[in-house]
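Survey of secondary and tertiary structure
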Amino acid sequence: MTNHPPEPFRIKMVEPIHLIAREAREKALVRAGYNIFGLKSDEVFIDLLTDSGTGAMSQEQWSAIMLGDESYAGARSYQRLADTMQEIFGFQYFVPTHQGRAAENILCSVILQEGQYVPSNMHFDTTEGNIRARGGRPVNLVCQEAFLDDPEIPFKGNMDLDKLEEFIQEVGAENIPLGMITITNNAGGGQPVSLENLRETSKIYRKHGIPFFIDACRFAENAYFIKTREPGYEDKTPLEIAQEIFSLADGATMSAKKDAIVNIGGFLACNDPDLFQKIKNECILREGFITYGGLAGRDLDAIAVGLREGLQEDYLAYRLGQTRYLLAGIKDAGIPVIEPAGGHAVYINAGLLLPHIPQPEYPGQSLTVEMYREGAIRGVELGSVAFGYPDPDTGEMIYPKLDLVRLALPRRTYTQSHLDYVIEVLGRIAGKAEDLRGYKITYQPPLMRHFSCQFEPL
Ligand SMILES: Cc1ncc(COP(=O)(O)O)c(C=O)c1O
């Protein structure tokens, strides 16, 4: 196993973390109803729950925060963000939002009617939730390769273009108010989408007059994958690639908590003036005035700086090197993983590791609990718990194809020794996988159940 490229930064401020005793971990699990979202951060040693809002901001971002203009309307901070947005994304209009799901909520509220469909390669859970909450039907049309375990497939996040065309023919473009694609594909392993596929997806949506929106959370990581994997892009900068990506779309949603390396923020952007009028009204009603969108002025400055830092090549080489390193180590330790490594996370195939636990007993949940019990490591289940839902027609439970556990790497936060510790703990779990047992759900809310449902071991 080779090391990853060294961090292109050094540490100037530290946050202590502690490994609490095994008995205390066991008690914490019981108190949390075996749902790792119920753990206190002080009970966790290595927190790989999410890469969302958990990264370390740079000295430039913290300095920019001091320049924040807190004017209610037309703040300088907004203008600085608008300039950056124009350069990278090039959309005519945008509103800041407090995070990605707020952008999704506004978009769905202004564009979607009950019974309508929203295709994508794969929607993330918040996007799915927001579409369903408006009575819409999210549809995932990711390519078949997404489900193959082959480290050589470079763009497993690609849309299945034939399926997309067929789907539009089948339900009719008039029933599709919006078409999306998620870059990188978080729900499918953090896998990238190629520029060629983005171009073809855009052509199909546009041919049918369907507005094309990109879920842009990890656009910089996706751009770097394109640079390193797609012929013809090796000499382009991640910024140039990003510009080409967004020139193909009619709008975007983004959680800035990812590739803008901030702790809070997001945006909704588009080119259509009529749509933007509706977006503005909804933003004012739900988020705040359109030049701050529920954020402080200083947050807008941090996003403006972070968007540029997230596109720096040495940072992206280190970032994607870290996930590659973690994946190689875990795999060597005997844990089945989704290959190749995603951008922001390593995805463990819990269904393969625990074939004796059926989907209705949640193999991913079982592994997630065991990682905490064994090493106070927090990952997240993205399988039958997160994506299982009752069929709207029959009420029968529909489960996803894969039962995954995601280990997401916060940006610029953990070192190689932290990753070595994670690898060691997973190695111990691999050695006793057949002793792990399933779980049953004792409480669940109607939507996005994995955040708050409660479990009991079987
Ligand atoms: C692909 C994708 N879309 C949307 C979101 C939602 O963003 P937020 O958590 O800021 O609401 C996330 C968050 O993890 C995501 O990964």
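Nothing here was measured: the structure is a model prediction, and the numbers come from that model.

**Observations concerning the pairing of strand E4 (residues 137–140)**
Side chains on a regular strand alternate between the two faces of the sheet. Sheet topology note: the strand E3 (residues 117–120)/E4 ladder contains four bridges and is parallel. The partner of tyrosine 117 across the bridge, within E4, is arginine 137. Assessed by its sense of winding, the connection that carries the chain from E3 through helix H5 (residues 125–133) to E4 is right-handed.

**Comments concerning the pairing of strand E14 (residues 404–408)**
Where burial is concerned, most of E14 is hidden: five out of the five residues are buried. Residues of E14 alternate between two faces, with Leu404, Arg406 and Ala408 on one and Val405 and Leu407 on the opposite face, all of them buried. Across five bridges, the pairing between strand E9 (residues 345–349) and E14 is antiparallel. Looking across to E14, one finds that valine 346 is bridged to leucine 407. Inspection of the sheet shows strand E11 (residues 380–382) paired to E14 by three bridges, in the antiparallel sense. In the sheet register, leucine 382 faces E14, and the bridge partner there is leucine 404.

**A word on the sheet that holds strand E7 (residues 251–255)**
Strand order in the open sheet formed by five strands is E2-E8-E7-E6-E5, and the pairing between neighbours is mixed. For this open sheet the edge positions go to strand E2 (93–97) and strand E5 (179–182), each flanked by a neighbour on one side alone. Direction aside, the axes of adjacent strands within the sheet are offset by 15 degrees on average. Both E7 and strand E8 (residues 266–270) contribute to a ladder of five bridges, which runs antiparallel. If you follow glycine 251 over to E8, its bridge partner there is cysteine 270. Those strands touched by helix H10 (residues 273–286) are E2, strand E6 (212–215) and E8, and its axis lies near 20 degrees from that of E2.

**Quick notes on the sheet that holds E11**
Read from one edge to the other, the open sheet built from three strands follows the order E9-E14-E11, with strand pairing classed as antiparallel. Whereas interior strands pair on both sides, the edge strands pair on one side only; in this sheet they are E9 and E11. Between one strand axis and the next, the sheet turns by 35 degrees as a mean value, whatever way the strands run. Packing against the sheet, helix H14 (residues 363–375) makes contact with E9, E11 and E14, and its axis sits at approximately 40 degrees to E14.

**Describing the packing of aromatic side chains**
The way to describe two aromatic rings as a pair is by their centre distance and the angle between their planes. Evaluated as defined, the whole model comprises 18 aromatic pairs. Note on tyrosine 117 and phenylalanine 167: the rings are 5.5 Å apart at their centroids and 80 degrees apart in plane angle, and the pair reads as edge-to-face. One end of the pair, tyrosine 117, is in strand E3; the other, phenylalanine 167, is in helix H6 (residues 161–171), with 50 residues separating them in the sequence. On the basis of relative accessible area, tyrosine 117 is assigned to the partly exposed category, the value being 21%.

**Topic: the layout of surface pockets**
In this structure, the largest pocket occupies an estimated 1500 Å³ of space. Lining the largest pocket are 39 residues, and of these Met13, Ala56, Met57, Arg412 and Thr413 lie nearest its centre. Of the residues forming the lining of the largest pocket, the biggest block, three residues, is contributed by helix H2 (residues 59–66). Of the residues belonging to the lining of the largest pocket, the class tally is 16 nonpolar, twelve polar and eleven charged.

**A look at the site of the ligand**
In the vicinity of the ligand, 15 residues are found, and the nearest of them are Arg101, Asn186, Asp215, Ser255 and Lys258. Measuring from an oxygen atom of the ligand, one finds a side-chain N or O atom of asparagine 186 at 2.8 Å. Between the ligand and aspartate 215, the relevant distance is 2.6 Å, taken from a nitrogen atom to a side-chain nitrogen or oxygen of the residue. Burial of the ligand by the protein chains amounts to 97% of its free accessible area of 390 Å². The biggest single contributor to the shell around the ligand is helix H4 (residues 100–111), with three residues. Of the residues contributing to the shell around the ligand, the split by class is two nonpolar, seven polar and six charged.

**A closer look at the pattern of salt bridges**
All chains considered together, the criterion is met by 29 salt bridges. One salt bridge connects aspartate 51 with arginine 411, and the closest N-O pair in it is separated by 2.9 Å. Here aspartate 51 is found in the loop between strand E1 (46–47) and H2, whereas its partner arginine 411 is found in the loop between E14 and helix H16 (416–430), with 360 residues between them in sequence. Residues aspartate 51 and arginine 411 agree in their burial class; the two are buried. Between aspartate 69 and arginine 76 there is a salt bridge, and its shortest N-O distance comes to 3.6 Å. Taking the relative accessible area as the measure of exposure, aspartate 69 reaches 9% and is therefore buried. Note on arginine 76: relative accessible area 52%, which makes it exposed.

**Details of empty space enclosed by the protein**
Considering all chains together, one arrives at three cavities of 30 Å³ or more under this definition. Considered as a void within the structure, the largest cavity measures approximately 60 Å³ in volume. For the lining of the largest cavity, the secondary structure elements donating two or more residues are H14 and E11. Tallied by class, residues from the lining of the largest cavity come to four nonpolar, four polar and one charged.

**Brief notes about the nonpolar core**
Among the nonpolar cores identified, the biggest contains 63 residues, and Leu326, Ile330, Ile348, Leu367, Met371, Leu407 and Leu426 are the most heavily contacted of them. Here this core takes seven residues from H16, the largest share from any one element. Apart from the residues lying within four places of it in its own chain, the contact partners of methionine 371 are Ile348, Ala376, Ile377, Gly379, Val405, Leu407, Val425, Leu426 and Ile429. In this structure, Ile65, Phe91, Leu164 and Tyr318 belong to the second largest nonpolar core, which totals 62 residues.

**A short note on H10**
Helix length check: H10, at 14 residues, gives a terminal C-alpha distance of 20 Å against a target of 20 Å (1.5 Å per residue), a fit within 8%. Within H10 the residues assigned to the buried category are Leu275, Phe276, Ile279, Glu282 and Cys283. Seen from one end, H10 has its buried residues packed into an arc of 125 degrees, which puts them on one side. Residues of H10 that are exposed and point more than 90 degrees away from the buried face comprise Asp274 and Leu285.

Calculation criteria
Note on numbering: residues in each chain are counted from 1, in written sequence order. Since the coordinates come from a predicted model, pLDDT governs what is reported: local features require at least 70, and pairs of side-chain atoms require 80 or more to be given and counted, while whole-chain, interface and lining totals use all residues. Calculation of side-chain values draws on the structure's entire complement of heavy atoms; hydrogens and water are dropped beforehand. Here a strand pair is declared whenever DSSP counts at least two bridges between the two strands. By the criteria applied, helices consist of DSSP H or I runs no shorter than four residues and strands consist of E runs no shorter than two, each listed in order from the N terminus. Throughout, right-handed denotes a crossover for which the path from the first strand over the helix to the second runs clockwise when the strands point away from the viewer. Partly exposed describes any residue whose relative accessible area lies between the buried limit of under 20% and the exposed limit of over 50%, with all areas from a 1.4 Å probe on protein chains only and scaled to the type maximum. Geometry is summarised by axes, namely lines fitted to C-alpha atoms with helices restricted to the contacting stretch, and by angles between N-to-C directions that run from 0 to 180 degrees. The criterion used for residue contact is that any of the two residues' heavy atoms lie within 4.5 Å. For Phe, Tyr and Trp, where Trp contributes only its six-membered ring, two rings pair if their centres lie within 6.5 Å, and the inter-plane angle classes them as stacked under 30 degrees, edge-to-face over 60, or tilted in between. In this analysis a 1.4 Å probe is tested at points of a 1 Å grid over the protein atoms alone, and where it fits but cannot get out there is a cavity; an open set with protein on both sides within 12 Å along at least five of seven lines is a pocket; lining residues have an atom within 4 Å of a point. Grid points are joined across faces, edges and corners, and a volume is the space filled by probe spheres set on the points. Just so you know the grouping, Ala, Val, Leu, Ile, Met, Phe, Trp, Tyr, Cys and Pro go in nonpolar, Asp, Glu, Lys and Arg go in charged, and all remaining residues, Gly too, go in polar. Whether a residue is near a molecule or strand depends on its heavy atoms: it is near if one of them lies within 4 Å of it. Within 3.5 Å is the distance limit for a polar contact, defined as a pair of N or O atoms, with the added protein rule that one can donate a hydrogen and the other accept it, and that residues adjacent in sequence qualify only through two side-chain atoms. For every accessible area listed, the method is Shrake-Rupley and the probe measures 1.4 Å; residues are considered covered only by the protein chains on display. Any carboxyl oxygen of Asp or Glu that lies within 4 Å of a side-chain nitrogen of Lys or Arg is treated as forming a salt bridge with it. Residues enter a nonpolar core if they are buried and are Ala, Val, Leu, Ile, Met, Phe, Trp, Tyr or Cys, with the set joined through side-chain atoms within 4.5 Å. One fewer than the residue count of a helix, multiplied by 1.5 Å, yields its expected span. The directions considered for the arc are those from the helix axis to the C-beta atoms.

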